[in-house]
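Given next are the chains, with one letter for each unit.
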Amino acid sequence: MNFRASVLTLHPEMFPGPLGFSLCGKALSGGLWSLESRPIRAHGIGTHRMVDDTPAGGGPGMVMRADVLAAAIDEASPAHDKRPRLLMSPRGAPLTQAMVRRWAKGPGLLIVCGRFEGVDERVIEARGLEEVSLGDFVLSGGEVAAMALLEAVVRLIPGVMGKEASGTEESFENGLLEYPHYTRPAEFEGRTIPPVLTSGHHGEVAKWRRAEAERITRERRPDLLKKDL
Ligand code: SAH
């Protein structure tokens, strides 16, 4: 197995969900990666399997207990496990293609999905959890974020995408957003395809695509042009 994903969640039945379809799903059933979703509640306290409690200092909502999460993490990922341990969190580093690329080369990931107000800070420190955010908005749980992250990573695992090339020209791979795509029909509601794309001049096509990628990036995401990828 090239890549092993372990997801710790209060809702293990949500997985594989979308990850069971299409490219990722085929790679999953083909054994190019593995996925286990582990119920945090199995480590809950008492007959009610409590996983959360009221926040110290007061305030609304509930906080996931450090001891419960630590037990779940330790069972899923013993000390010799080399996989990075992530916590999905709006406070985390925003997910980028560079992070995705790095994890796709590794042995897999352990991903903790938060719920409620989030998790006790002490387990983040004690288990070295790396906080990762899907973006500057708040979801009600880490599961959908974990699925998005895994879908981005899995498609880059060697052998998952048909043509190796289809990963290299995409948005973010060269610090630019992608150029526009066209296909048949030649005319759609009066709109034609840029003539250079049907000219057969590969050099001109490449030049046009590069210029369009730069234009679109400048217009939509000038911040990317300043980034060193
Ligand atoms: N009170 C927290 C939000 C908790 S949302 C705060 O203000 O920061 C509950 C859980 O959803 C989080 O623990 C996290 O696992 C997940 N989550 C919410 N938004 C997310 C985001 N943008 N990226 C990744 N995970 C997110």
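Look up a bit, the structure's there.
Residues numbered from 1 in each chain as written. Predicted model: local features only at pLDDT ≥ 70, side-chain atom pairs only at ≥ 80, totals over all residues. Heavy atoms only, no water.

**A short note on the overall build of the chain**
What counts is decided by this rule: The helix and strand labels rest on DSSP assignments: H or I over at least four residues marks a helix, E over at least two residues marks a strand, and numbering proceeds from the N terminus. What makes two residues a contact is simply this: any of their non-hydrogen atoms within 4.5 Å. All accessible areas in this document rest on Shrake-Rupley with a 1.4 Å probe, and a residue is counted as covered only by the protein chains that are shown. Charge counting treats Lys and Arg as positive and Asp and Glu as negative, with His and both chain ends excluded. By convention, the charge on Lys lies at NZ, on Arg at CZ, on Asp at CG and on Glu at CD.
Within the chain, the regular secondary structure consists of 7 helices and 9 strands. Expressed as lengths along the three principal axes of its C-alpha atoms, the size of the chain is roughly 70 × 40 × 35 Å. Here the contacts in the chain between residues at least 6 apart in sequence split such that 74% fall between residues at least 24 apart. Summed over its atoms, the accessible surface of the chain is roughly 13300 Å², and 55% of this surface lies on carbon and sulfur atoms. Separation between the mean location of the 29 positive side-chain charges and that of the 30 negative ones in the chain comes to 4 Å.

**Some details on helix α5 (residues 143-154)**
Basically, it comes down to this: Expected helix span is computed as 1.5 Å times (number of residues minus one). Note on exposure labels: buried denotes an accessible area under 20% of the residue type's maximum, exposed denotes more than 50%, and partly exposed covers the range between, all computed with a 1.4 Å probe on protein chains only.
Taking 1.5 Å of rise per residue, 12 residues should cover 16 Å, and α5 covers 16 Å from first to last C-alpha, within 8% of that figure. The buried fraction of α5 amounts to 9 of the 12 residues, a majority that puts the element mostly inside the structure. Those residues of α5 lying buried are Glu143, Ala145, Ala146, Met147, Leu149, Leu150, Ala152, Val153 and Val154.

**A short note on unusual backbone geometry**
Cis geometry marks the peptide bond from phenylalanine 15 to proline 16; its omega dihedral reads -5°. On the secondary structure map, proline 16 appears in the loop between β1 (3-9) and α1 (22-29). Of note, the bond from arginine 184 into proline 185 is cis; its omega dihedral lies within 30 degrees of zero at 0°. Inspection of the secondary structure puts proline 185 in the loop between α5 and β8 (187-188). The phi dihedral of glutamate 189 falls on the positive side, at around 45°, and the residue is not glycine. Mapped onto the elements of the fold, glutamate 189 is located in the loop between β8 and β9 (191-192). You can call glutamate 189 exposed: its relative accessible area is 69%.

Function-wise, these values are silent; they only describe arrangement.
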